[in-house]
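# Observations on the model geometry
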Amino acid sequence: MATVHLRIGDLVWGKLGRYPPWPGKIVSPPKDLKKPRGKKCFFVKFFGTEDHAWIKVEQLKPYHPHKEEMIKINKGKRFQQAVDAVEEYLKKAKGKDQTHSDDKSKSDKGRKAAKPMKIIEEDDEDAFKGGSSDKEQTDSDPEPSSVQRLVAGTVSGFKWESSPVKDDPHFHHFLLSQSEKPASSMEPITKRLKIIEEDTRSTSIQAADSTAINGSITPTDKRIGFLGLGLMGSGVVSNLLKMGHVVTVWNRTAEKCDLFIQEGARLGRTPAEVVSMCDITFSCVSDPKAARDLVLGPSGVLQGIRPGKCYVEMSTVDPETITELSQVITSRGGRFLEAPVSGSQQLSNDGMLVIVAAGDRSVYEDCSSCFQAMGKTSFFIGEAGNAARMMLILNMVQGSFMATIAEGLTLAQATGQSQQTFLDILCQGQMASTFVDQKCQNILQGNFKPDYYLKHIQKDLRLAISMGDSVNHPTPMAAAANEVRHHLVTEWIILECHL
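Residues numbered from 1 in each chain as written. Predicted model: local features only at pLDDT ≥ 70, side-chain atom pairs only at ≥ 80, totals over all residues. Heavy atoms only, no water.

### Here's the deal with the confidence of the model for the chain
Rule in force here: For every residue, the predictor states its confidence as a pLDDT score lying anywhere from 0 to 100. Note on contacts: a residue pair qualifies if any of its non-hydrogen atoms lie within 4.5 Å across the two residues.
Confidence along the chain averages 75 in pLDDT terms, with 69% of residues attaining 70 or more. Of the regions scoring below 50 in pLDDT, residues 131-201 engages in 141 contacts with residues more than four places distant in sequence or in other chains. Here residues 205-215 scores under 50 on pLDDT; set against residues more than four positions off or in separate chains, the count is 28 contacts.

Next comes the structure, spelled out in C-alpha cells:
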C-alpha cells in the first residue's frame, strides 16, 4: 500500500462528523488552542468557510489524488465554491513559485508523482473564507516547527471512519484529548464536587444601589488612564468621567477618543505615554494577543511602567497571559491587578457591571471608587490568574446558555411554533432572569445591535475548553456550543448579529 505523509501546508480532504468531506489545508493552530492529546491529528482550515478543527489523521485524504472522487459525490453549490477557492489558491501559489520552477524541475526528475505537494504560503486567508478578510485565527499562529511532523497513513483501501458520537470527529476539535482518559474523569458530577470551607480572602464592593445610581461616589484623587474604547471600555470610561475621575484615554483608532475628550478626558498619544502620565492605568481589549501586544509592543505599557505605577488588565484572557503580564509589570517595579468584567454593553453604559479582580490587593483597594463607578459589585479572589479562570467559567456558561436559546428558537420555527410565545413562556418560567428578559425583549423588538460580539464569545469558549483540558476536566457542553459557530445554518444569522 502507498504511504502518504502529511505536513503543514498540505491540501487535504477532511471529514468533520456527519458532514461531507471538504477541501482544506493543514495549518499551524492558534497559540491559545492546544493540540488534543491521544490520537494523531492535524489542525485544518477549510476552504470557502470560516470552519477550522483538529481532524484525526484517519479522517484526512490528500487533495489531488482524491479530487475527482470527491467532486463526483458532492454536488452542492457551497462545495463547488470551496473547490473553486482551492483552484484559485493553487493558481496564486503557482504564480509565486514560477521563478523557481526551472531549478526545481531539474532536481525533481525521477521523483514519484505521488509525492505530496507542500504549499509554502500560509497567509492567503481570502481563499479559506470566500473573499473575507478576517485574520483572527492566523495572527497568533506558532512557528510550523512546533507541530510539523510526518504522520503515516494508508491511501488505498481507505474508508472514512463511521463511529458513535463519542468518537465523532465533529467533536475531536475539543474532546479528542478526553476520549482516552481514566474513568475517574467522567464520574458523576455529584461525586466529583467537593464542598469545602476555606479562607479565600474573597472580598466584594457593593456599589450600584447606593453609589453608582445616585452619584454619591467620592472619586479617587489618583490619575486614571484607560486603554481600549470598544463596546465595554466606552461605557466604563463614560461612567468614570461622570463620577468625577480624571481620565486619560488612548485607543488604537484615535477617532474613538474624540467623544471622551469632549466629555473632559485627556488624550494620550501612546499606551506608554498614558501609563507615564497616570497613577492607575486600565486596559480592556479583545483577546490575549491584543493584551500582550498592548503591554509588550512598541510604545507599549511596559515602556511607561515605573516603580509604584499600577496596571489593571480588564480584558478576558487566559490565566497564562495574566501570569506573563503580571511578571513583566512587577519586574519593572509596577503593581498589577486583573479585573475582567461580566456584563453587556448596556450594563457597561449603565455602570452595572460585575468586576472580578485578583492580584495586588492594595491596587484593588486603590481602585475602589473606579469599580463603584463602573459596576454594581466587585470581587477580589486572590492571586493573579484566579479572575481569568473565574471569568472564563462564567462566560462559558453564558455562551452555552445563549446557544441553547438560539437552538430553541430555530426549533420552534421549524415545528411551526411561535417564537414570540416561546420567549414569553421562557421569561415567565423558572429560567426567568434579567439576562433572559433583556435578550428576549431585544429579539421581540427587532433590536439586534450587538451587546457582545460573537467572535469574542467563541474566543472565551475556546479558552475555557483549553483550560478544562489543562486540568483533565471535560467540557462537552461548551465544546458543542463552540461548534455552533461553525455549523449552524442561516437561521442562526439573526442571533449572530444580536450576540
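### Examining helix H8 (residues 231-242)
For the record, the criterion: Only DSSP runs of H or I with at least four residues qualify as helices, and only runs of E with at least two residues qualify as strands; both kinds are numbered from the N terminus onward. The length a helix should cover is 1.5 Å for every residue beyond the first. The cut-offs for exposure are 20% and 50% of the maximum accessible area for each residue type, with area from a 1.4 Å probe on protein chains only; residues under the lower value are buried, those over the upper are exposed, and the others partly exposed.
Given a rise of 1.5 Å per residue, 12 residues ought to cover 16 Å, and the 18 Å separating the end C-alpha atoms of H8 matches this to within 8%. Where burial is concerned, most of H8 is hidden: 9 out of the 12 residues are buried. Among all positions in H8, only Met232, Gly233, Gly235, Val236, Val237, Ser238, Asn239, Leu240 and Leu241 are buried.

### Some points on the packing of helix H17 (residues 386-414) against helix H18 (residues 419-428)
Heads up, the condition is: To get an axis, fit a line to the C-alpha atoms, keeping to the stretch in contact for a helix; angles then go from 0 to 180 degrees between the N-to-C directions. These descriptions rest on fixed angle ranges, namely under 35 degrees for roughly parallel, over 145 for roughly antiparallel, 65 to 115 for roughly perpendicular, and the rest for oblique. For any helix crossing, the convention is left-handed if the near helix is rotated counterclockwise from the far helix by under a right angle, and right-handed if that rotation is clockwise.
Following both chains from N to C, one finds H17 and H18 inclined at 140 degrees, their axes separated by 9 Å at the closest point. When the axes of H17 and H18 are compared, the pair comes out oblique. Once H17 is placed against H18, the crossing between them reads as right-handed. Between H17 and H18, the contacting residues are Ile405, Gly408, Leu409, Thr410 and Gln413 on the first element and Gln419, Phe422, Leu423 and Leu426 on the second.

### Overview of the nonpolar core
Note the following rule: Take the buried Ala, Val, Leu, Ile, Met, Phe, Trp, Tyr and Cys residues and link them wherever side-chain atoms come within 4.5 Å; each set so joined is a nonpolar core.
Judged by nonpolar contacts, the single largest core of 35 residues is most densely connected at Phe226, Leu240, Phe282, Val312, Met314, Phe371 and Met374. At the level of secondary structure, the elements contributing two or more residues to this core comprise strand S9 (224-227), H8, strand S10 (247-250), strand S12 (280-283), strand S13 (310-313), strand S16 (353-359), helix H15 (361-366) and helix H16 (368-374). Once you skip the residues sitting within four places of it in the chain, Phe371 turns out to touch Phe282, Leu337, Ala339, Ile355, Tyr364 and Ser378. Among the nonpolar cores identified, the runner-up in size contains 24 residues, and Ile55, Leu60, Tyr89 and Leu90 belong to it.

### Focus: the packing of helix H11 (residues 288-296) against helix H13 (residues 319-331)
For clarity, the cut-off: Note on residue categories: nonpolar means Ala, Val, Leu, Ile, Met, Phe, Trp, Tyr, Cys or Pro, charged means Asp, Glu, Lys or Arg, and polar means any other residue, Gly included.
Taken N-terminus to C-terminus, the directions of H11 and H13 make an angle of 5 degrees; their axes are 10 Å apart at the nearest point. It follows that H11 is roughly parallel to H13 by the angle criterion. Here H11 contributes Pro288, Ala291, Arg292, Val295 and Leu296 to the contact with H13, which in turn contributes Thr321, Glu324, Leu325, Val328 and Ile329. Classifying every residue of the contact of H11 with H13 gives 7 nonpolar, 1 polar and 2 charged.

### Considerations on the sheet that holds strand S3 (residues 22-26)
Selection criterion: Strands are labelled as partners when DSSP assigns at least two bridges between them.
Pairing is antiparallel across the open sheet formed by 5 strands, whose spatial order is S5-S4-S3-S2-S6. Here the strands that pair on one side only, and so sit at the sheet edges, are strand S5 (52-56) and strand S6 (60-62). Along the sheet, successive strands turn relative to each other by an average axial angle of 45 degrees, direction set aside. Relative to S6, strand S2 (residues 11-14) runs antiparallel, the two sharing 3 bridges. Residue pairing for S6: Val12 is matched across the bridge by Pro62.

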